[in-house]
Amino acid sequence: MDLGKKFEAFFKKNWIDTVPESFIYRLNDQMSGYMGSSNISDFICYKKPELFLIECKAHAGNTFPFSAFRQYEDLSHWSDLEGVHPGVILWLYDHDVILWIPIKTFMKLKSEDKKSFNIKYLGNPDYENVIIPTKKLRTFLDGDYSVLIDYYKEK
């Protein structure tokens, strides 16, 4: 199992542990891409009244390139639906940081002709993102995803 798949398993466990009374469903990867089919995201998560369409990504370095984000178009389609939050849970493992990047942030970056999300955008209000509180384990990080529920309650 590669690092990205292991991260997805950690994400699912952490969501269950930190977002009580919620729903999480893993969409199985479509390996064949038959007839251009693909899943909208890795996970569908729900905690009343918020629905999250979450793509999990693990990436090295300081940037996450759009070329590594196949689901951009599918997730963009749902960007304006009230109560639906499409985006990416990104683990930048060289920096021991996990963050939530809403699809609208990627849309803004693309409109500015940027090719990636850079770690220098962390906490920058011009490029909406949420740092997930974590605890370092040997390789992975335990994340507290309840911060996403709180984040959208305050909006």
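Just so it is clear, the model here is predicted, and its values are computed rather than measured.

K.L.:
Residues and numbers for the overall build of the chain, please.
P.N.:
Scanning the chain for helices and strands turns up four helices and 10 strands. Expressed as lengths along the three principal axes of its C-alpha atoms, the size of the chain is roughly 35 × 35 × 35 Å. By the burial criterion, 42% of the 155 residues in the chain qualify as buried. Accessible area of the chain: about 8,600 Å², with a carbon and sulfur share of 52%. The averaged location of the 22 negative side-chain charges in the chain is 3 Å from the averaged location of its 20 positive side-chain charges.

K.L.:
I'd like to hear about helix 3 (residues 103-111), residue by residue, with values.
P.N.:
Among the residues of helix 3, Ile103, Thr105, Phe106 and Leu109 are the ones counted as buried. Along the axis of helix 3, the buried residues cluster in a sector spanning 155°; they form a single face. Packed against the buried residues of helix 3 are strand 4 (63-65), helix 2 (72-76), strand 5 (84-92), strand 6 (97-102) and strand 7 (116-118). Backbone geometry just after helix 3 places Asp113 at a positive phi near 60°.

K.L.:
Now, about the environment of Ser116: what can you tell me, with residues and values included?
P.N.:
Of note, Ser116 is situated in strand 7. Given the relative accessible area of 17%, Ser116 is considered buried. Ignoring any residue separated from it by four or fewer positions in sequence, one finds Ser116 in contact with Thr63, Phe64, Pro65, Phe66, Leu109 and Tyr121.

Cut-offs and rules
- Residues numbered from 1 in each chain as written.
- Predicted model: local features only at pLDDT ≥ 70, side-chain atom pairs only at ≥ 80, totals over all residues.
- Heavy atoms only, no water.
- Helix = DSSP H or I, 4+ residues; strand = E, 2+ residues; numbered from the N terminus.
- Buried < 20%, exposed > 50% of the residue type's maximum accessible area, 1.4 Å probe, protein only.
- Areas by Shrake-Rupley, 256 points an atom, 1.4 Å probe, with all protein chains shown as cover.
- Lys, Arg positive; Asp, Glu negative; His and termini not counted.
- Charge placed at Lys NZ, Arg CZ, Asp CG, Glu CD.
- Arc of directions from axis to C-beta.
- Contact = heavy atoms within 4.5 Å.

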